[in-house]
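Residue-level listing of the chains:
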Amino acid sequence: MKQACLIFSFLVVSVCAYGQTATLKGRITTSDGDVAVGVSVFIKDSKIGTVTKADGSYRLEKLPAGAQTIVVSGVGFKRVERTIGLSPNEETVADFVLEVEAIKAQDIVVYGASRRKQKLTEAPAAVTVITPTELERGSIHGQLGKVLEHQQGIDVVQSGANDFNINARGFNNSINRRVLVLIDGRDPSTPLLNLQEWNSLATTLSDVQQIEVVRGPGSALFGTNAYNGVINITTYAPRDVLGTRAAFTFGEWNTYRGEFRHAQAFGNFAFKINGGFARMRNVTLVSRDTATGGRLEYPGVGIDRRPLKDEWFDNFNNVLTLRGDYDFNADERLTLEGGISNSGNEVYVNNIGRILIPLVNKPFVRLAYNSPRLNFQTVWNRRFTPFPQPVLNTPAANSAEDSDDITTELQVNNLFFDNRLRAIAGVSHQWQRIETVVSGAQPLLSANSLTRNNLHNTFTGIYGQLEYNLFPNLQLVGATRVDFSTLIETKISPKAAIVYSPFENHTFRFTVNQAFLRPSYPDFYRRSQLGAPINLASTVRVINDSLRLLGVSDTLTFSRLDRFSLGNPNIRPEEALSFEVGYKGVISRSFFVTVDAYLNRRRNFISSPLSVNAPLVFAPYRYASATPDINQYVNRRLAEGIRAARLNPVELVIAENRPMLVQTVINVGLIEEIGLELGVNYYATDNLLLTANYAYLNAKVLENAVPTQPIFPNTSPHRFNVGASYNVPNKFDVSANLRYVDGFPWLAGVQQGFVPAYAVLNLNGSYYVTRNWRVGFNVFNALDRRHYQIFGGTILRRQATITTSLTL
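This section reports on the structure supplied with the text. Quick caveat, the model's predicted, so the values are computed rather than measured. (Residues numbered from 1 in each chain as written. Predicted model: local features only at pLDDT ≥ 70, side-chain atom pairs only at ≥ 80, totals over all residues. Heavy atoms only, no water.)

### Considering the overall build of the protein chain
Under the convention used in this document: Only DSSP runs of H or I reaching four residues or more are called helices, and only runs of E reaching two or more are called strands; each is numbered from the N terminus. We take the radius of gyration over the C-alpha atoms and set the globule estimate at 2.2 Å times the residue count to the 0.38 power. Burial here depends on accessible area, computed with a 1.4 Å probe over protein chains only, as a share of the maximum for the residue type. Under 20% is buried, over 50% is exposed, and the range in between is partly exposed. Working rule for contacts: check all heavy atoms of both residues, and any pair within 4.5 Å makes them a contact. To measure how exposed things are, a 1.4 Å probe is used in the Shrake-Rupley method; for residues, cover is taken only from the protein chains shown. For the purpose of counting charges, residues Lys and Arg are taken to be positive, whereas Asp and Glu are taken to be negative. His and the chain ends are not included. Taken as the charge location is NZ of Lys, CZ of Arg, CG of Asp or CD of Glu.
Along the backbone of the protein chain there are eight helices and 51 strands. Over its C-alpha trace the protein chain gives a radius of gyration of 30 Å, about what one expects of a compact globule, namely 28 Å for 808 residues. Seen through its principal axes, the protein chain has C-alpha atoms that stretch 120 × 60 × 55 Å. Taking all 808 residues of the protein chain together, 57% fall into the buried category. Of the contacts made within the protein chain by residues no fewer than 6 positions apart, 66% connect residues no fewer than 24 positions apart. Carbon and sulfur atoms form 58% of the exposed surface of the protein chain, whose accessible area is close to 33,200 Å². On the protein chain, the mean spot of the 80 positive side-chain charges and the mean spot of the 69 negative ones are 2 Å from each other.

Take a look at the structure:
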């Protein structure tokens, strides 16, 4: 009985204590007297929080009574912490005044360099970070590629209104796949070609919280495609953007874009819905079908064989995502997210010419659990093109894709030896299904590689990293990843680094990396027709008549030759060994300086599908049924007939057990490249930031399996960026960036030529009409210097847009 009374008394006291909650309210202003809108107010080490409204006010209810540490923080403001005593069942008023502060490098936290959070100045890799302020400017135009083009060491080329190719450290391509892109850990690349479609990301730029670009190989932690680097995109969690935001953009090229986001919290649960649409008239697109009145914008560019339809000029994009978070505590979260992007009427430049994507649907679902020691995520992505995708320079060719990708990853990490040793370990498994047999489209992959019209493969990776602090200012880093798959041989990607910090905010490092790039499915299994068969009837008739006159009965049995681009079943992954030294330093809290120098040795370079490669993969066709003189005559006349059709005779090989004209890919060359990347950020005041960066690249071909076919890095040897921005939070913001790119040769499949030097000035600005109403403008190529950035791309012109946004 006594024990029962004690238990009852304990329960009564517990219930009473639980019922003792408090309310905190107040107003947040800036040091110059303006209200601070959208600033986070929360209890330290918890997920209890809110954001300030349009009048700067906030209110937190059902808080634990007693002393609580309140944190107030926002982009462009100094963080404030204050301990406040909260009385039970009463309202406490607390106002805060925030000081303006520029976002500086020593305050930026990154994840992608080590798959854990760490300061930018301590990361064992070359990392470029796009801050929230820069992303807020970018939300005015909404194009992620444009946000990256002024950043240190990042090579961004634009080949159409929305077609970008983003790379780091050389060997860009019209369908670049040498950089891994992750959105909240999800890889949105196309499974068929293993590349990124930048106009069909299932997010809006206004919902992106931070972008990190790890420049240099990252296969030791991320596996294939992290060959030249990793672009890690993080979107806002619902609790970070509570409230409603709406925006509308209009401008030149008949541009119209709308965005909407709403986030709300209920106790431990918070959700966010984010959506948008975009419409644009692609005025840069020009028909190159000269037979129907088209024209070539500059000498050497390829001719189209199909006229452009008027509706193909109208680009469109639609995005919708829904995310829910359940926060168990301050550091433990369960996330369920789903969404879809829907885009089309985009013309891409690729290795075989130009291709139109009428419509592509890309739904996804993501389930994730994140905590300080354990992280788990599983993702389903799909890409579906319901209509054939016409290849403009080949009348008979079109393609399509219906693919699924399911990836699951588990990662753990822990600290040992008084926090001197950090261990990170993980495993990932990926399953892919590819189908190119879609109604009205020609199958892109060989039927011999398929099971019921589908191609299936799995990819498994196991990785680990150790970080050991030998001394407080000296860290050793080692990592290794082993990748197994049903497509390629097992690959091992090691990494080692030494990070030395002689003084606070000054870091020197030396890194050795090995990385690989997986060939795409078409590299292995492509079977796509290159136009109509070549008619050799007259040539074969002359040859056969001559053979009969000479008494040779073994005459030629074909009168036409099919022409195909075929895969190479023996193609191997590209490999790179990279040596890198770097320095990051903050001088007097005003200068942030980075210097990175690297040496890369690339081997097994994967070429474009070329005719000169065919005899290196398939047996050349040679008539050999008579005397040497007669054989030579037959082969010479065949070569003349093929040349008359403006084709290379070396294409004539035995494939699929018959004579055929073939183009294919091969591993070609050993390449050595050296590069230097310099960057300076100068914070002249808390409002004025000046930036400058320079990138140098020199590539040398040491071996080339096809000497007649040159190998180019498709990157300018000299790239410069200078910029200035002036930002007063919640008042106005203006920026100007000048980009200069030296001329360089370009070779990607049939696209070969020289890209002349170009300079582009971009302007951006915004003004807060009221505390929650913002109006902004953006002008790309303000001086309208018309130019192209890849050979085969369209002529780029000025584009100006105006945006208005409302936050509640």
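And the narrative resumes.
### Focus: the sheet that holds strand 15 (residues 208-215)
Note the threshold: If DSSP finds at least two bridges between two strands, the strands pair. Between N-to-C directions, angles span 0 to 180 degrees; the directions come from axes that are lines fitted to C-alpha atoms, helices contributing only their stretch in contact.
Read from one edge of the open sheet, four strands run 11-15-16-14, paired in mixed fashion. Only two strands of the sheet have a single partner each, and these edge strands are strand 11 (126-130) and strand 14 (179-183). Each adjacent strand pair in this sheet contributes to an overall mean axis angle of 15 degrees, direction not counted. In the sheet, strand 14 pairs with strand 16 (residues 229-235) via five bridges, with the strands oriented parallel.

### Some remarks on the nonpolar core
Going by this rule: Nonpolar cores were defined as sets of buried Ala, Val, Leu, Ile, Met, Phe, Trp, Tyr and Cys residues, with membership established by side-chain atoms within 4.5 Å.
With 20 residues, the main nonpolar core has Leu144, Leu148, Ile166, Trp198, Ile211, Ile231 and Ile233 as its most contacted residues. Elements with a minimum of two residues in this core: helix 3 (144-148), strand 12 (154-158), strand 13 (164-168), strand 14, strand 15 and strand 16. In contact with leucine 148, not counting residues within four places along its chain, are Ile130, Ile154, Val156, Ile166, Ile211, Val213 and Ile231. Listed in part, the 19 residues of the second largest apolar core include Leu556, Tyr621, Tyr623 and Leu638.

### Section: unusual backbone geometry
Positive phi values are uncommon outside glycine, yet asparagine 345 reaches one of about 55 degrees. Along the chain, asparagine 345 turns up in the loop between strand 21 (332-344) and strand 22 (346-350). Taking the relative accessible area as the measure of exposure, asparagine 345 reaches 11% and is therefore buried.

### Some words on the side chain of asparagine 282
Using the following cut-off: Identification of polar contacts relies on pairs of N or O atoms within 3.5 Å, with a donor-acceptor requirement for protein atoms, meaning one able to donate a hydrogen and the other able to accept it, and with residues adjacent in sequence counted only if both atoms are side-chain atoms.
Structurally, asparagine 282 can be placed in the loop between strand 19 (269-281) and strand 20 (314-329). By relative accessible area, which is 2% here, asparagine 282 ends up buried. Among the polar contacts made by the side chain of asparagine 282, one reaches the side chain of threonine 284 at a distance of 2.6 Å.

### Focus on the pattern of salt bridges
Our working definition: We count a salt bridge whenever a side-chain nitrogen from Lys or Arg sits within 4 Å of a carboxyl oxygen from Asp or Glu.
Tallied over the entire structure, the rule returns 51 salt bridges. Note that lysine 44 and glutamate 81 form a salt bridge whose closest N and O atoms lie 3.2 Å from each other. Pair noted here: lysine 44 is in the loop between strand 2 (40-43) and strand 3 (49-51) and glutamate 81 is in strand 6 (residues 80-86), with a separation of 37 residues, a long-range link. Here glutamate 81 falls in the partly exposed class, since its relative accessible area comes to 39%. When the shortest N-O distance is used, the salt bridge between glutamate 259 and arginine 257 registers 3.4 Å. As far as the burial class goes, glutamate 259 and arginine 257 line up, both buried. Linked by salt bridges that have partners in common, Arg169, Arg215, Arg509, Glu580, Asp596 and Glu677 make up one network.

### Quick look at the environment of glycine 302
You can see glycine 302 is positioned in the loop between strand 19 and strand 20. Overall, the relative accessible area of 36% leaves glycine 302 in the partly exposed class. Put simply, glycine 302 and tyrosine 768 are 466 residues apart on the chain and 48 Å apart in space, counted from C-alpha to C-alpha. Beyond its immediate stretch of four places on either side in the chain, glycine 302 contacts Arg288 and Leu296.

### Focus on the packing of aromatic side chains
The cut-off we apply is this: Note on aromatic pairs: the rings of Phe, Tyr and Trp (six-membered ring only in Trp) are paired at centre separations within 6.5 Å, and the planes decide the class, stacked below 30 degrees, edge-to-face beyond 60, tilted for the rest. By definition, being over a ring means that NZ of Lys or CZ of Arg is both within 6 Å of the ring centre and within 35 degrees of the ring normal.
Counted under the stated rule, the structure contains 16 aromatic pairs. An angle of 70 degrees between the planes, with centres 5.4 Å apart, marks the rings of tyrosine 298 and phenylalanine 791 as edge-to-face. In this pair, tyrosine 298 sits in the loop between strand 19 and strand 20 while phenylalanine 791 sits in the loop between strand 50 (773-780) and strand 51 (799-807), placing the two residues 493 residues apart along the sequence. Of the residues examined, tyrosine 298 reaches a relative accessible area of 6% and is grouped as buried. Residues tyrosine 694 and phenylalanine 720 carry aromatic rings whose centres are separated by 4.8 Å and whose planes lie at 35 degrees to one another, so their mutual orientation is tilted. With a gap of 26 residues between them, tyrosine 694 in strand 44 (residues 688-703) and phenylalanine 720 in strand 45 (residues 718-728) connect regions that are remote in the sequence. Taking relative accessible area as the criterion, tyrosine 694 reaches 19% and is therefore assigned buried. Over the ring of phenylalanine 96 we find arginine 82; its NZ or CZ atom is 4.1 Å from the centre of that ring.

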